[in-house]
Amino acid sequence: MTVLDSPIPRFHLAMPVDDLAAARRFYGDVLGLDEGRSAETWVDWNLHGHQFVAHLAPERAPRIRNAVDGHDVPVPHFGLILTIPTFQQLAERLRAADTEFVIEPYVRFAGQKGEQWTMFLLDPAGNALEFKAFADDSQVFTS
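Residues numbered from 1 in each chain as written. Predicted model: local features only at pLDDT ≥ 70, side-chain atom pairs only at ≥ 80, totals over all residues. Heavy atoms only, no water.

(A) How the structure looks around the nonpolar core. Core analysis: the biggest nonpolar cluster contains 28 residues, and Tyr27, Leu31, Phe52, Leu94, Met119, Leu129 and Phe131 have the highest contact counts within it. The element that contributes the greatest number of residues to this core is helix H1 (residues 20-30), accounting for five residues. If sequence neighbours within four positions are ignored, leucine 31 has contacts with Phe26, Leu90, Arg93, Leu94, Leu129 and Phe131. (Core = buried A, V, L, I, M, F, W, Y, C linked by side-chain atoms within 4.5 Å. Buried < 20%, exposed > 50% of the residue type's maximum accessible area, 1.4 Å probe, protein only. Helix = DSSP H or I, 4+ residues; strand = E, 2+ residues; numbered from the N terminus. Contact = heavy atoms within 4.5 Å.)

Take a look at the structure:
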């Protein structure tokens, strides 16, 4: 089954960036996403089958942080739930690109329901991204 055949709807997310060239380097070169259509003020990206659009918007709202599991989590943030091997490959790719993590990759809820790998980072415009990988994918929405 391809992403297009998936019964799970794909999302569309548009986020502000202050430099399209920096966004192209980060999302294309560092994260390795395929670029889609673009214009002078925006670029489409294939985020594992989801449509992510970087829109040129020089003015930014202030950042908010919430305390979660002993870390200051940036809000808002977005990202993907990956398999553990894909998560580890992405973490190594980011380290190889000298990415500065907001929260280094680590295991949260180890040995408990909802055990997951997680990491947070910022794109060049300051948008926060979180990537996760669950030990048991059936526990993504566990309480």
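And the narrative resumes.
(B) Layout of the sheet that holds strand S10 (residues 128-134). Taken in spatial order, the four strands make up an open sheet running S7-S10-S9-S8, and their pairing is mixed. The open sheet terminates on both sides in strands that have one partner only, identified here as strand S7 (77-82) and strand S8 (101-108). Shown here is a sheet whose adjacent strand axes are inclined to one another by a mean of 15°, direction ignored. Bridging between strand S9 (residues 116-122) and S10 involves seven bridges; their strand directions are antiparallel. Within S10, the residue paired with tryptophan 117 across the bridge is alanine 133. Here helix H2 (residues 84-96) sits on the sheet in contact with S7, S8, S9 and S10, set at roughly 30° to S9. (Pairing = 2+ DSSP bridges. Axes fitted to C-alpha atoms, helices over the stretch in contact; angles between N-to-C directions.)

(C) Quick peek at the pattern of salt bridges. A complete count under the given rule lists four salt bridges for this structure. Residues aspartate 44 and arginine 37 are paired through a salt bridge, measuring 3.2 Å at the closest nitrogen-oxygen approach. A relative accessible area of 7% means that aspartate 44 is categorised as buried. The shortest N-O distance in the salt bridge between glutamate 92 and arginine 95 comes to 2.9 Å. Of this pair, glutamate 92 and arginine 95 both sit in helix H2, three residues apart, which is roughly one turn of the helix. By relative accessible area, glutamate 92 is classed as partly exposed at 45%. (Salt bridge = Lys/Arg side-chain N within 4 Å of Asp/Glu carboxyl O.)

(D) Fine view of the packing of aromatic side chains. If you walk through the whole model with that rule in mind, you get five aromatic pairs. One aromatic cluster is present, built from ring pairs that chain together Phe26, Tyr27, Trp45, Phe52 and Phe78. (Phe/Tyr/Trp six-rings, centres within 6.5 Å; stacked < 30°, edge-to-face > 60°.)

(E) Broad picture of H2. Helix length check: H2 (13 residues) gives 18 Å between terminal C-alpha atoms against 18 Å at 1.5 Å per residue, within 8%. Buried within H2 are the following residues: Phe87, Leu90, Ala91 and Leu94. In a view along the axis of H2, the buried residues occupy a sector of 105°, so they form one face of it. Looking at H2, the residues exposed on the side facing more than 90 degrees away from the buried face are Pro85, Gln89 and Ala96. (Expected span 1.5 Å × (residues − 1). Arc of directions from axis to C-beta.)

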